[in-house]
Amino acid sequence: MCKIETAVVRIKIEKKYDFTGATIEVRKDICESDIQTATYSVILNQGIQNIPNGQYYIDYTVSGPNGGSHTVLSTFNNGVLIFPLSRNYFRQSGSFTVTITKINEFSSEGGCVNIIHNLSDVLNVYKTPFLNGANLTPAVTCQNKSSQALISNASGLEDGAYTILYNVAGSNTATAQVAAINVIGGNASFTIPSNLNSNSGNSVITITNVTNAATPYCTNTANLSGNLIINKLPEVPNLKVEVLDNCFNKPFTASVTGLGLLTNVTVSYVLSGSNIATSQTVTLVVANGKADFVIPAILLPNTGSTAISIINLVNNDTTCDVNLTTVSDAFAINPIPIAPASVDQPFCKADGATIASLVPNGSRYKWYNSVTLTTPLASNYVLKSEDYWVTETSAAGCTSPATMITVTVSNLPAPVLDTDGQNFCGLENPTISDLSNNTNASSTIVWYDAINNGNLLSSTTPLTDNTIYYGFDFSSVTDCHSEDHLEVKVSLSHCDDTEYETFFIPDGFSPNGDNVNDTFKILKIDFLYPDYKIEIYNRYGNVLFKGNKNKPDWDGRNSESGGMGDGIAPNGVYFYVIHFNKENKPPQQGRLYLNR
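Below: a short report on this structure. Residue numbers restart at each chain and count upward from 1, following the sequence in its written direction. Two thresholds apply to this predicted model, a pLDDT of at least 70 for residue-level local features and 80 or more for giving and counting side-chain atom pairs, whereas whole-chain, interface and lining totals are computed over all residues. To obtain the side-chain values, all non-hydrogen atoms of the structure were used and water was disregarded.

Only DSSP runs of H or I reaching four residues or more are called helices, and only runs of E reaching two or more are called strands; each is numbered from the N terminus. The number of helices and strands found in the protein is two helices and 38 strands. Here the radius of gyration uses the C-alpha set of atoms, whereas the globule reference equals 2.2 Å times the residue count to the power 0.38. Its C-alpha atoms give the protein a radius of gyration of 66 Å, clearly above 25 Å, the size a compact globule of 596 residues would have. The rule is simple: take the accessible area with a 1.4 Å probe, protein chains only, and divide by the maximum for that residue type; under 20% is buried, over 50% is exposed, in between is partly exposed. Within the protein, the fraction of its 596 residues that count as buried is 40%. Using the Shrake-Rupley algorithm and a 1.4 Å probe, accessible areas are obtained, with residue cover drawn only from the displayed protein chains. Surface accessibility of the protein: about 32500 Å² in total, with carbon and sulfur atoms responsible for 49%. Side chains of the protein give 33 positive and 51 negative charges; the mean places of these two sets differ by 14 Å. Counted as positive: Lys and Arg. Counted as negative: Asp and Glu, with His and the chain ends omitted from the count. Where a charge lies is defined by one atom per residue type, namely NZ (Lys), CZ (Arg), CG (Asp) and CD (Glu).

Have a look at this one:
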């Protein structure tokens, strides 16, 4: 008979934990110099689920050259579990990732797998910063300007952020100045603020300490130096700018003086007033403290008063600049007069018209005979039949566009006298009209009694023997005389005595001063016998008077014989003899009676 035993099976139900939202923190980052003495720990904080207090197995891994896996038993207390890490994992500088891979309760049989999501953290062992072998190259700058100092070949600095301390000695001094740098590939830069660059000259900048910004305790001394050159700002206390007044669309040159010893500058300027322009720049080569530049015409579209102000000056040799507020000048852009009003103008050549004869005239106007307007014509330039251009110059010296006119100078040929056309018989009472009829221009000729400022003679004016007359051809269309003239000396002694009756010889006269019959004169004898001579005798045969064409009148005085008292012939009978001196005509004798 067998004995039957009863077996009891116990079933343990384990609880599954969710570590979602849990975090770990690995303490702590160190500097390379602390590798031998540093201690490390991991702090695990529960997530969305409360983890009961108690002991738990923690499986974790550490990356890196000395990394590996390990399991530790530690205690959760109020949702926090802390366990140590061996320093053997962290034997050199670098970044090490600590990852929890598994968490089990101490009494668990491992039947349940707890939920774990990316429970890891990075521990950094920072390399001790060194500036040995690096170069410091501060950039050249200007007074009161910040400057960039360049660090290169800094192989002792890993990429990342650092804080440095530096001193400045020389023209400028400063100690324990702090600057942040970001190193990439051994290169970095930092700014030296403008307040440390107030004095021109040379200084030395020295970096005395460098600290890793991620671990302020990871620091190291340094002794990296470089020269710091501060250039002087341009000194232009006597700087001036001047722009002379000019005409619209003409060049406006700005003259800058007071530039001292500067040789190459860049000037910034603005315009205000009738023309407005924001900052304009121009580079100038300086000679003897002076330089000029032309303001672009596009900036000066309006007439009127405009001001130029220099607002900045750069010394191009040092790139240092100075802002300015009081260097300015006002100038006038004067308007251009409109083209003068003028029309085509006719003239007579005989008038000798000159530039001064043209309209308009005066000191404001200049005349040219070329469209190029090269040389103005003198006021005494004699006009020709050609085109002329006139401009007007304003009181400000601005010249208008030109107006063109055509000048026509009219001329006529001088009249031509017919053969013997100057000869007349005075007995026919010839007139100016008769003289005109003896020319080739009888209907258009005009006559004057003098070549200059003579009187115009009417056609009915009687001709006078041995008188010179001046004839000009005349056009009623152009109102012009011929430039040249016909000069005629008229003779009235060309009479044929066979065609005329015997002339009248007076038989007496009364030289008593009553202006009536006061002289003895044979009228018109000179027309028939121009070479005649007359002699007057007294009853004693004495010659008292000898006359001719040029001395025709006897006034009753003795002008030939001496010894006759006062020369006044007494009343009585006297005798004359006329010598005709023409064609053998015999002399004629007669008597006359003188009664006072």
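So, on to the sheet that holds strand S9 (residues 135–138). For two strands to pair, DSSP has to find at least two bridges joining them. An order of S9-S11-S14 is seen for the three strands of this open sheet, with the pairing classed as antiparallel. Of all strands in the sheet, those bounded by a partner on one side alone are S9 and strand S14 (188–192). Within the sheet, the average angular offset between the axes of one strand and its neighbour, ignoring direction, is 20°. Angles here are taken between N-to-C directions and fall from 0 to 180 degrees, while the axes themselves are lines fitted to C-alpha atoms, restricted in helices to the stretch in contact.

When strand S3 (residues 40–45) meets strand S6 (residues 80–85), the two strands line up antiparallel, connected through six bridges. Looking at S6, one finds that Val-42 is bridged to Phe-83. For strand S5 (residues 68–77) and S6, the ladder comprises two bridges, and the chain directions are antiparallel. When the bridges of S6 are listed, Phe-76 appears paired with Leu-81.

Bringing the state of the cysteines into the picture now. Cysteine sulfur atoms are paired as a disulfide whenever they come within 2.5 Å of each other. Counted by the stated rule, this structure contains five disulfides. The disulfide partner of Cys-348 is Cys-480, and the S-S distance across this bridge is 1.8 Å. On the sign convention where negative means left-handed, the S-S torsion of about -85° between Cys-348 and Cys-480 marks this disulfide as left-handed. Linking Cys-348 in strand S25 (residues 345–348) with Cys-480 in strand S32 (residues 480–481), this pair joins segments that are 132 residues apart in sequence. By relative accessible area, which is 8% here, Cys-348 ends up buried.

Our next topic: the nonpolar core. Within this scheme, the nonpolar core is defined by two criteria: the residues are buried Ala, Val, Leu, Ile, Met, Phe, Trp, Tyr or Cys, and they are joined through side-chain atoms within 4.5 Å. Ranked by size, the top nonpolar core spans 37 residues in total, and within it Phe-520, Ile-534, Ile-536 and Trp-554 carry the most contacts. Residue assignment for this core shows that the elements contributing at least two residues are helix H1 (432–436), strand S29 (445–448), strand S33 (486–489), helix H2 (525–528), strand S35 (533–537), strand S36 (543–548), strand S37 (572–579) and strand S38 (588–594).

All right, on to the sheet that holds strand S23 (residues 304–315) then. In space, the five strands of this open sheet follow the order S18-S24-S23-S20-S21, with mixed pairing throughout. The open sheet is flanked by strand S18 (246–247) and strand S21 (277–285), the only strands paired with a single partner. Bridge count for S23 against strand S24 (residues 320–334) is 11 bridges, and the pairing is antiparallel. Looking across to S24, one finds that Asn-315 is bridged to Cys-320.

Before going further, it helps to spend a moment on the pattern of salt bridges. By definition here, a salt bridge exists when the distance from a side-chain nitrogen of Lys or Arg to a carboxyl oxygen of Asp or Glu is within 4 Å. Counted under the stated rule, the structure contains five salt bridges. For Asp-321, the salt bridge is made with Lys-145, and the minimal N-O distance between the two is 3.5 Å. With Asp-321 in strand S24 and Lys-145 in the loop between strand S10 (141–142) and strand S11 (147–152), this pair connects stretches of sequence that are 176 residues apart. Between Asp-465 and Lys-549 there is a salt bridge, with its nearest N and O atoms 2.7 Å apart. Within this pair, whereas Asp-465 is found in the loop between strand S30 (456–457) and strand S31 (468–475), its partner Lys-549 is found in the loop between S36 and S37, the two being separated by 84 residues in sequence. The exposure class assigned to Asp-465 is buried, which follows from its relative accessible area of 17%.

Here a Phe, Tyr or Trp ring, Trp counted by its six-membered ring, pairs with any other such ring whose centre lies within 6.5 Å, and the pair is stacked when the planes are under 30 degrees apart, edge-to-face when over 60, and tilted otherwise. Tallied over the full model, the rule gives 18 aromatic pairs. Relative to Phe-90, the ring of Tyr-89 has its centre 6.2 Å away and its plane inclined at 70°; by these criteria the two rings are edge-to-face. Phe-90 matches Tyr-89 in its accessibility class, with the two residues each being buried. Ring geometry for Tyr-269 and Phe-293: centres 5.2 Å apart, planes at 35°, overall tilted. Linking Tyr-269 in strand S20 (residues 264–273) with Phe-293 in strand S22 (residues 291–295), this pair joins segments that are 24 residues apart in sequence. In this pair, the class of Tyr-269 matches that of Phe-293, namely buried.

The residue Asn-538 is located in the loop between S35 and S36 in this model. Two N or O atoms count as a polar contact when they lie within 3.5 Å, although within protein this holds only if one can serve as hydrogen donor and the other as acceptor, and sequence-adjacent residues are included solely when both atoms are side-chain atoms. Among the polar contacts listed, one links the side chain of Asn-538 to the backbone nitrogen of Tyr-540, at a separation of 2.9 Å.

Looking at the secondary structure, you find Thr-266 in strand S20. Here the side chain of Thr-266 touches Asn-316 through a polar contact of 2.9 Å, side chain to side chain. Contacts are assigned to residue pairs that have any heavy atoms within 4.5 Å of one another. When near neighbours in sequence (up to four residues on either side) are disregarded, Thr-266 contacts Thr-281, Val-282, Thr-283, Asn-312, Leu-313, Val-314 and Asn-316.

A few words on the environment of Gly-397. Within the element layout of this structure, Gly-397 appears in the loop between strand S27 (386–392) and strand S28 (403–410). Classification of Gly-397 as partly exposed rests on a relative accessible area of 43%. With 60 residues separating them along the chain, Gly-397 and Pro-337 place their C-alpha atoms 9.9 Å apart.

Looking now at the pairing of strand S19 (residues 252–257). Side chains Phe-252, Ala-254 and Val-256 project from S19 onto a buried face, and the interleaved Thr-253, Ser-255 and Thr-257 project onto a face without burial. Sheet topology note: the strand S17 (residues 240–243)/S19 ladder contains four bridges and is antiparallel. For Glu-242, the partnering residue across the bridge sits in S19 and is Ser-255. Bridging between S19 and S22 involves five bridges; their strand directions are antiparallel. Looking at the pairing, Ser-255 lines up with Asp-292 of S22.

What follows deals with unusual backbone geometry. A cis geometry characterises the amide bond from Arg-27 onward to Lys-28, with omega recorded as -10°. Along the chain, the position of Lys-28 falls in the loop between strand S1 (23–27) and strand S2 (30–31). Cis geometry marks the peptide bond from Val-359 to Pro-360; its omega dihedral reads 5°. Topologically, Pro-360 is positioned in the loop between S25 and strand S26 (365–368). Even without being glycine, Asn-515 reaches a positive phi, approximately 65°.

Tracing the chain through its elements places Thr-61 in strand S4 (residues 54–62). Owing to a relative accessible area of 26%, Thr-61 belongs among the partly exposed residues under this scheme. A sequence separation of 130 residues divides Thr-61 from Thr-191, and the C-alpha atoms of the two residues are 44 Å apart. Beyond its immediate sequence surroundings of up to four residues, Thr-61 is in contact with Gly-68, Ser-69, Thr-97, Val-98, Thr-99 and Thr-101.

A word on the environment of Thr-37. Its place among the elements puts Thr-37 in the loop between S2 and S3. Judged by relative accessible area, which is 59%, Thr-37 ranks as exposed.

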